[in-house]
Amino acid sequence: MSTEAVPKGTRGAGDDAPLDDKARVTTLELFFDLAFVFNFTQLARVFSDRMTPVGVLQILLIFWLLWWMYGGYAWLTNHVPPHGKHQRLLLLLGMASFLVIGLTTPNAFDGDGVAFGVGYLLIVSVHAALFAFSGPSAARNMLRIAPFHVTGAVLIICAGFLDGVPVYLCWGGAVLLEILAPVITGVSGFDLKPGHFVERHGLLMIIALGDSFLALGIGTDGAPAGLSVVTTAVLIFVIPACLWWVYFNESEKARRAEVALERQDAATRSRMALSAFFYAHVPMLLGLILIAAAVKKTIAHPFAQLPLAPSLALAGGVALYLAGIAWFHGILKIGPQRFHFAAAALAFLTVPAGHFGAAVGEVMSLGALIVCALFIEHRWTKQSGHTCYAPTEKLEVVGR
């Protein structure tokens, strides 16, 4: 596949308004992301204690609803920067709602379901209110989506009063509504600002990667940091560090992603952004949750054999992340796919090293695998000429 590059700011013929390339992420949005990632910490903590099929199902259901509404807020602040006082206050209220949900996440399917549902209803209500205050065009767009959000929140509240299979049916119905919403309503009514959108999700990924470091501290439970623990922590650090490099590649990929969005007309840009920055980020973020949960198990006894569940979670987390990166590259046509897909498949070959050998063996094997994938990608980029110039110059993109 190949794509032609265009200078910064070039738009498709179907656009009807100029891009605001100066729009950047505000400190309040970054503050909001910190509150959102708290939920990731909770999901990783829950999964580390419930590495069972039921635990996986619960994590997937909660994650989808949270990620969907985060995406909604990212689109919101891209469309309407939170500069006014009422916008800032409502956004802070949305943050508080995410915190409430985070606190109820451990028992969302057992005792705290109603509180979770009420928190989710507040999140979707604040989201709709912020759009409603942003002018008639934004309000019309939100009126198409809001009924799906509100109905999903009501289903979660109802689940809090039920037991057994009906609980999961209600949660599944809420998730299904969120999946169907963009399919039925479309996303063509938004004039997305690429620079802000790419930067916002990049900052989120940095915070989410930092959750792996938090898992190191949680996993030790305050125990003395002996030589084995410190050594393992340094080795584990290689995994999120390399995953950071895979995503950002010294900011070149961010620049390519901006140009990939900028060169589309408004409708195509919105669809591409939904695919690349929502759907393709799902395996990446789920992978980070699995890694954080597995690290909590790994750091405590680095030279002992890992039980099968955390060993699979560690390898599976790396595999999901790399597969998500490959998917992301393919949608935007900003980098190679085959190397990351291959590394994702090979990640599961490290499971025996941790399950039959020692936890640190699996960590080292995964670290070496990601480093190899990075090295091969670097060689491919250098040989193919897939490189990025300064913002004022032409961007050259040569696909594989």
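Below: a short report on this structure. Please read all numbers here as calculations on a predicted model, not as lab measurements.

Looking only at helices and strands, one finds 15 helices and 0 strands in the protein chain. Residue burial in the protein chain is summarised as follows: out of 400 residues, 55% are buried. Restricting the contact set of the protein chain to residue pairs at least 6 apart, pairs at least 24 apart contribute 81%. Summed over its atoms, the accessible surface of the protein chain is roughly 16,300 Å², and 69% of this surface lies on carbon and sulfur atoms.

Quick look at a nonpolar patch on the surface now. A cluster of nonpolar side chains, namely Leu-176, Ile-179, Leu-180, Val-183 and Ile-184, defines an oily patch on the protein surface of about 450 Å² accessible area. Its relative accessible area of 33% is what places Ile-179 among the partly exposed residues.

Let us now look at the packing of helix H10 (residues 266-279) against helix H11 (residues 281-298). Across the interface, H10 lies against H11 with an axial gap of 5 Å and an inter-helix angle of 10 degrees. When the axes of H10 and H11 are compared, the pair comes out roughly parallel. Packed against H10, whose contacting residues are Ala-276, Phe-277, Phe-278 and Tyr-279, the element H11 presents His-281, Val-282 and Pro-283 at the interface. The class makeup of the residues in the contact of H10 with H11 is 6 nonpolar, 1 polar and no charged.

Summed over all chains, the structure comprises 24 aromatic pairs. Considering the side-chain rings of Phe-36 and Phe-40, the 5.2 Å spacing of their centres and the 55 degrees angle between planes classify their relative orientation as tilted. Residue Phe-36 and its partner Phe-40 are both found in helix H1 (residues 27-49); the two are separated by 4 residues, about one turn of the helix. Of the two residues examined, Phe-36 and Phe-40, each falls in the buried class. Arranged with centres 5.4 Å apart and planes meeting at 90 degrees, the rings of Trp-64 and Phe-278 form a pair that is edge-to-face. Here Trp-64, found in helix H2 (residues 53-79), pairs with Phe-278, found in helix H10; they are 214 residues apart in sequence, far enough to count as distant. Through a chain of ring-to-ring contacts, the aromatic side chains of Phe-32, Phe-36, Phe-40, Phe-63, Trp-64, Trp-67, Trp-68, Tyr-70, Tyr-73, Phe-98, Phe-278 and Tyr-279 assemble into a single cluster.

This part takes up the side chain of Thr-105. Structurally, Thr-105 is set in the loop between helix H3 (85-104) and helix H4 (113-132). A polar contact is formed between the side chain of Thr-105 and the backbone oxygen of Ile-101, at a distance of 2.8 Å. Not counting chain neighbours up to four residues away, the residues in contact with Thr-105 comprise Asn-39, Gln-42, Leu-43, Val-46, Ile-62 and Phe-116.

All right, on to unusual backbone geometry then. With a phi angle near 55 degrees, Lys-333 is a residue other than glycine that sits in the positive phi range. Note on placement: Lys-333 falls in the loop between helix H12 (308-332) and helix H13 (338-347). Here Lys-333 falls in the partly exposed class, since its relative accessible area comes to 36%.

This brings us to the state of the cysteines. Enumeration according to the criterion identifies 0 disulfides in this entry. Between Cys-158, a cysteine without a disulfide, and Cys-170, which holds the nearest cysteine sulfur, the sulfur-to-sulfur distance is 6.0 Å. Of the cysteine sulfurs around Cys-242, a residue in no disulfide, the closest is that of Cys-372, at 9.9 Å. When its relative accessible area of 10% is taken as the criterion, Cys-242 is described as buried.

Bringing H4 into the picture now. When the terminal C-alpha atoms of H4 are compared, their 28 Å separation across 20 residues agrees well with the 28 Å that a helix rising 1.5 Å per residue should span. All of the buried residues in H4 are Gly-113, Phe-116, Gly-117, Gly-119, Tyr-120, Ile-123, Val-124, Val-126, His-127, Leu-130 and Phe-131.

Here the focus is the environment of Ala-347. Inspection of the secondary structure puts Ala-347 in helix H13. Judged by its relative accessible area of 0%, Ala-347 falls in the buried class. Measuring from C-alpha to C-alpha, the distance between Ala-347 and Leu-369 comes to 7.3 Å, with 22 residues separating the pair along the chain. Apart from the residues within four sequence positions on either side, Ala-347 is in contact with Ala-315, Val-318, Ala-319, Leu-366 and Leu-369.

Time to look at H10. Relative to the 20 Å expected for 14 residues at 1.5 Å per residue, H10 spans 19 Å between its end C-alpha atoms, a close match to the ideal helical length. Of all the positions in H10, only Ala-266, Arg-269, Ser-270, Met-272, Ala-273, Leu-274, Ala-276, Phe-277 and Phe-278 are classed as buried. Where H10 begins, one side-chain oxygen reaches toward the backbone nitrogen of Ala-267, 3.2 Å away; that side chain belongs to Asp-265.

So, on to the nonpolar core. Counting residues in each nonpolar core, the largest one holds 109 residues, and the members touching the most others are Tyr-73, Trp-171, Phe-277, Tyr-321 and Leu-332. Setting aside anything within four residues of it in sequence, one finds Tyr-73 in contact with Phe-32, Leu-91, Gly-94, Phe-98, Ile-123, Val-126, His-127, Leu-130 and Arg-200.

Glancing now at the pattern of salt bridges. Tallying each qualifying case throughout the model produces 4 salt bridges. Among the salt bridges present, the one from Glu-199 reaches Arg-24, with a minimum N-O distance of 4.0 Å. Separated by 175 residues along the polypeptide, Glu-199 in helix H7 (residues 194-220) and Arg-24 in the segment before H1 bring together distant segments of the chain. Exposure remark for Glu-199: the relative accessible area of 29% places this residue in the partly exposed category. Each member of the salt-bridge network shares a partner with another, and the members are Arg-24, Glu-199 and Glu-258.

The next point concerns the side chain of His-127. Locating His-127 in the fold gives a position in helix H4. With a relative accessible area of 2%, His-127 lands in the buried category. Here the side chain of His-127 touches Gly-72 through a polar contact of 2.8 Å, landing on its backbone oxygen.

Across the interface, H1 lies against H3 with an axial gap of 8 Å and an inter-helix angle of 10 degrees. Relative to H3, the element H1 is oriented roughly parallel. Two secondary-structure elements touch here, H1 through Leu-28, Phe-31, Phe-32, Ala-35, Phe-36, Phe-38, Asn-39 and Gln-42 and H3 through Arg-88, Leu-91, Leu-92, Gly-94, Met-95, Phe-98, Leu-99, Ile-101, Gly-102 and Leu-103. In terms of residue class, the contact of H1 with H3 is built from 13 nonpolar, 4 polar and 1 charged.

Thresholds, definitions, all that
- Residues numbered from 1 in each chain as written.
- Predicted model: local features only at pLDDT ≥ 70, side-chain atom pairs only at ≥ 80, totals over all residues.
- Heavy atoms only, no water.
- Helix = DSSP H or I, 4+ residues; strand = E, 2+ residues; numbered from the N terminus.
- Buried < 20%, exposed > 50% of the residue type's maximum accessible area, 1.4 Å probe, protein only.
- Contact = heavy atoms within 4.5 Å.
- Areas by Shrake-Rupley, 256 points an atom, 1.4 Å probe, with all protein chains shown as cover.
- Patch = residues over 30% accessible without salt bridge, like charges linked within 9 Å, V, L, I, M, F, W, Y side chains within 5 Å.
- Salt bridge = Lys/Arg side-chain N within 4 Å of Asp/Glu carboxyl O.
- Axes fitted to C-alpha atoms, helices over the stretch in contact; angles between N-to-C directions.
- Parallel < 35°, antiparallel > 145°, perpendicular 65-115°, else oblique.
- Nonpolar A, V, L, I, M, F, W, Y, C, P; charged D, E, K, R; others polar.
- Phe/Tyr/Trp six-rings, centres within 6.5 Å; stacked < 30°, edge-to-face > 60°.
- Polar contact = N/O pair within 3.5 Å; in protein donor to acceptor, adjacent residues only side chain to side chain.
- Disulfide = S-S within 2.5 Å.
- Expected span 1.5 Å × (residues − 1).
- Core = buried A, V, L, I, M, F, W, Y, C linked by side-chain atoms within 4.5 Å.

All we've got here are geometric facts, nothing functional implied.
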